[in-house]
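Examination of the molecular architecture
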Amino acid sequence: MKILAIETSCDETAAAIVEDGRKIISSVVNTQIEEHKKYGGVVPEIASRRHIENITSVVEQAFLDANMQSNEIDAIAVTAAPGLIGAVLVGVNFAKGLAMSLEKPLIPVHHIRGHIASNYITNAELKPPFLCLVVSGGHSHIVEVLDYTRFRVVGRTRDDAAGEAFDKAARSVGLTYPGGVLLDKLSQTGNPNTYPLPTPHTEGKYDFSFSGLKTAVINTVHNAEQKGIAIVREDMAASFCSKVADILWDRTEKAIKDLNYTSLAIAGGVSANSWLRRKATQECQKNNIKLYMPDLKLCGDNAAMIGSQGYYEYLEGNFANMALNGKPYMEIDAHF
Ligand code: KG4
Ligand code: ZN
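Rules behind the numbers
- Residues numbered from 1 in each chain as written.
- Chains lettered and ligands numbered in written order.
- Predicted model: local features only at pLDDT ≥ 70, side-chain atom pairs only at ≥ 80, totals over all residues.
- Heavy atoms only, no water.
- Pairing = 2+ DSSP bridges.
- Helix = DSSP H or I, 4+ residues; strand = E, 2+ residues; numbered from the N terminus.
- Axes fitted to C-alpha atoms, helices over the stretch in contact; angles between N-to-C directions.
- Phe/Tyr/Trp six-rings, centres within 6.5 Å; stacked < 30°, edge-to-face > 60°.
- Buried < 20%, exposed > 50% of the residue type's maximum accessible area, 1.4 Å probe, protein only.
- Lys NZ or Arg CZ within 6 Å of the ring centre and 35° of its normal.

What to know about the sheet that holds strand S10 (residues 290-292)
A sheet is described by the order of its strands in space; here 5 strands give the open sequence S8-S7-S6-S9-S10, paired in mixed fashion. A strand with exactly one partner marks an edge of an open sheet, and here the two such strands are strand S8 (150-156) and S10. With direction set aside, neighbouring strand axes in the sheet form an average angle of 25°.

Shown next as structure tokens:
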């Protein structure tokens, strides 16, 4: 069964054709990063306009790469929440129009469910139940994946998302948006013990907090500047990356142990972070936990992950009609 998937929830216009939830036939990602970089972050109005300009050619390219005609697909999946609402609506409306004209079923997909599903593409043997740490630009969650379409959030950030903290820390050491990946690169030659950064406390034992950590980086850089001392950027990058990986692992490990999971997946843009991947790999080996991570190219936003989750939503009969609307916010366990 072949699903055309569409993703436009932030600054990537993406389309993919995925077979049986696990195999990518084609995947096209058109990123707008260069344009948003000038403003230090995603400008929602610009994102929506670029999605409108790009969506037709991105979907056409997905069919061309797959060597398929539009009527050869079985269903259309689309990210319908959460995200920048003007951006989400471009994908939703395009998918509705296509579903109506091709007379194919329409499947709304939750973006975070999609990030989790990126692991099904990379890891053929992965099946629920498992625990998943989802860390992206907008979310930091620890989620029980009870089944392909049943989820329970056990931990979440109380303030900033991990990706947001990476981007702000990156900016304070002079890197451009989105700085997470650049900070990761810069950190490779740095010493993680140079700058002591605080470990935030949260009431919920699986919850996260990153805003204090972000402020500590900004203050350390600012104080050094005022004293005329040069900060060692590589060391600050390494200190920050290592601290975030430790915090993410600390909460995740507690949840795995308390809830008796033997399998862990990580997902979302920040799951590309080398410190997090290394920490999770080492700790899972030590604790006899099976670890699943998406391919680096599937960590960030893409439509293949939406096609993967869309397949499992299809099997559950989770379809939408022409009244489907996009939503800026939605819990992962809610229904469209
Ligand atoms: O999942 P994603 O592509 O978009 C959202 O759904 O939010 O996540 C984007 C976030 C950005 O904050 C970006 O800086 C961060 O993921 N990111 C990284 C790395 N690659 C992307 N953060 C740390 N290290 C990386 N290697
Ligand atoms: Zn995302």
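Overview of the packing of aromatic side chains
Per the stated rule, a full pass over the model turns up 8 aromatic pairs. Ring geometry for Phe166 and Phe240: centres 5.2 Å apart, planes at 85°, overall edge-to-face. Note that Phe166 is positioned in helix H5 (residues 162-172) and Phe240 in helix H8 (residues 233-259), a separation of 74 residues in sequence. By relative accessible area, Phe166 is classed as buried at 3%. Given the relative accessible area of 1%, Phe240 is considered buried. Through a chain of ring-to-ring contacts, the aromatic side chains of Tyr120, Phe130, Tyr148, Tyr311 and Tyr312 assemble into a single cluster. Over the face of the ring belonging to Trp275 we find Arg278, whose NZ or CZ atom lies 4.8 Å from the ring centre. Between the NZ or CZ atom of Lys290 and the centre of the ring of Tyr292, over which it lies, the distance is 5.0 Å.

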